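# Coordinates in review
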Amino acid sequence: MKFAFCTISFRHQLISFFELVDFAKQHGFDGIELWGVHADRLYEQYGMGRADQALLQRRLAQAGLKISMLSDYLELSSHEGFLQALQRCEHLMTIAEWLGVDRIRTFAGRLGSKEISPSERAVNIHRLRQLGERCRLRGMKLLIEIHPGTLTDSLDSTLDLVCAMEEEQIGLNFDVLHAWEYGRDVSDTLSQLKPWVQYFHLKNVALPSQVHIFEPANVYSASGTREGMVLLKDGVVDYKSLMEQALEMDCYASIEWFGPSPLKVLGEEIRWLRQLQGQAQAVEV
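Residues numbered from 1 in each chain as written. Predicted model: local features only at pLDDT ≥ 70, side-chain atom pairs only at ≥ 80, totals over all residues. Heavy atoms only, no water.

### A closer look at the overall build of the protein
If you tally the helices and strands in the protein, you get eleven helices and ten strands. In terms of overall size, the protein behaves like a compact globule, its C-alpha atoms giving a radius of gyration of 18 Å where 285 residues would be expected to give roughly 19 Å. With the C-alpha coordinates of the protein rotated into their principal frame, the extents come out at 50 × 45 × 45 Å. Put simply, the protein has 285 residues, and 55% of those count as buried. Counting only contacts in the protein whose residues sit at least 6 apart along the sequence, the fraction spanning at least 24 positions is 82%. Of the roughly 12800 Å² of accessible surface on the protein, a fraction of 50% belongs to carbon and sulfur atoms. Between the averaged position of the 29 positive side-chain charges in the protein and that of its 38 negative side-chain charges there is a distance of 5 Å. (Helix = DSSP H or I, 4+ residues; strand = E, 2+ residues; numbered from the N terminus. Rg over C-alpha atoms; globule rule 2.2 N^0.38 Å. Buried < 20%, exposed > 50% of the residue type's maximum accessible area, 1.4 Å probe, protein only. Contact = heavy atoms within 4.5 Å. Areas by Shrake-Rupley, 256 points an atom, 1.4 Å probe, with all protein chains shown as cover. Lys, Arg positive; Asp, Glu negative; His and termini not counted. Charge placed at Lys NZ, Arg CZ, Asp CG, Glu CD.)

Here's what the structure looks like:
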């Protein structure tokens, strides 16, 4: 397993991309997951001129880093919105090719599995299939994130979704905390979804009653509450046990920190994850 952090952690901080590259190198990260908004800005700044493009790619190579994924939101719920999503997907793939990225993250709609009608569900799946096929034709994989309020809000719904898609078209971004919200054993959930899991998001919460802090309206607001956001080792999800199962997988896992002091916290988190990884490798030997 390789480790990255999400640039969304710095959505309210004034910090340059090259500062993040230096931070990632100093703390032993393998990659950086780019939030779609940040990917747009980087492309505007460096993607148009060959000299600028070479500078960015050279800095990443010198640091031994890769952009692990582009994370964005592709609209499925309306015909007009989906037409825009198709255009957005094409633009994201252009940025992804420029950066050498082969994964684009999105969500499975805006309605939960118990809120959506069978016909709407079928339409959303068809649209995801179209997006996934476009990605496949350009050598990329569309990853659908496990998330409440979407078609991946339960194990059964997620299994139905992935089984309705072609394996070459899509994969899953296994958000561990949201998978924990299924109300099941997370390790067993991972075992059942493992054939489709190609990425992990790692975050934790102090108490079960506090999971609402990760709702978009709160988490994207600069004035939203951060109470309950804790280190991976300190929350309701038993990451130590889960990582023993997941560390052997050949994929990236991004630390997704939405709270204060992201540089400090991400540094602590990667040290802990590397300790777990070292212990697992020692046991194997």
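### Considerations on the sheet that holds strand 3 (residues 66-71)
Where strands meet in a sheet, backbone hydrogen bonds hold them as pairs that are either parallel or antiparallel. The strand order 1-2-3-4-5-6-7-10 describes a closed barrel built from eight strands, whose pairing is parallel. Strand after strand, the sheet turns through a mean of 30 degrees between neighbouring axes, direction not considered. Inspection of the sheet shows strand 4 (residues 103-106) paired to strand 5 (residues 141-145) by four bridges, in the parallel sense. Bridge pairing in strand 5 places Arg103 opposite Lys141. Set on the sheet, helix 1 (residues 17-26) makes contact with strand 1 (2-6), strand 2 (31-35) and strand 3; between it and strand 2 the angle comes to about 150 degrees. (Pairing = 2+ DSSP bridges. Axes fitted to C-alpha atoms, helices over the stretch in contact; angles between N-to-C directions.)

### Some words on helix 2 (residues 36-46)
The α-helix advances 3.6 residues per turn, and as a result positions three or four apart in sequence lie on the same side. Three or more residues of helix 2 are buried, namely Gly36, Ala39, Asp40, Leu42, Tyr43 and Tyr46. For helix 2, the arc enclosing every buried residue in end-on projection is 165 degrees, short of the 170-degree limit, so these residues lie on one face. (Arc of directions from axis to C-beta.)

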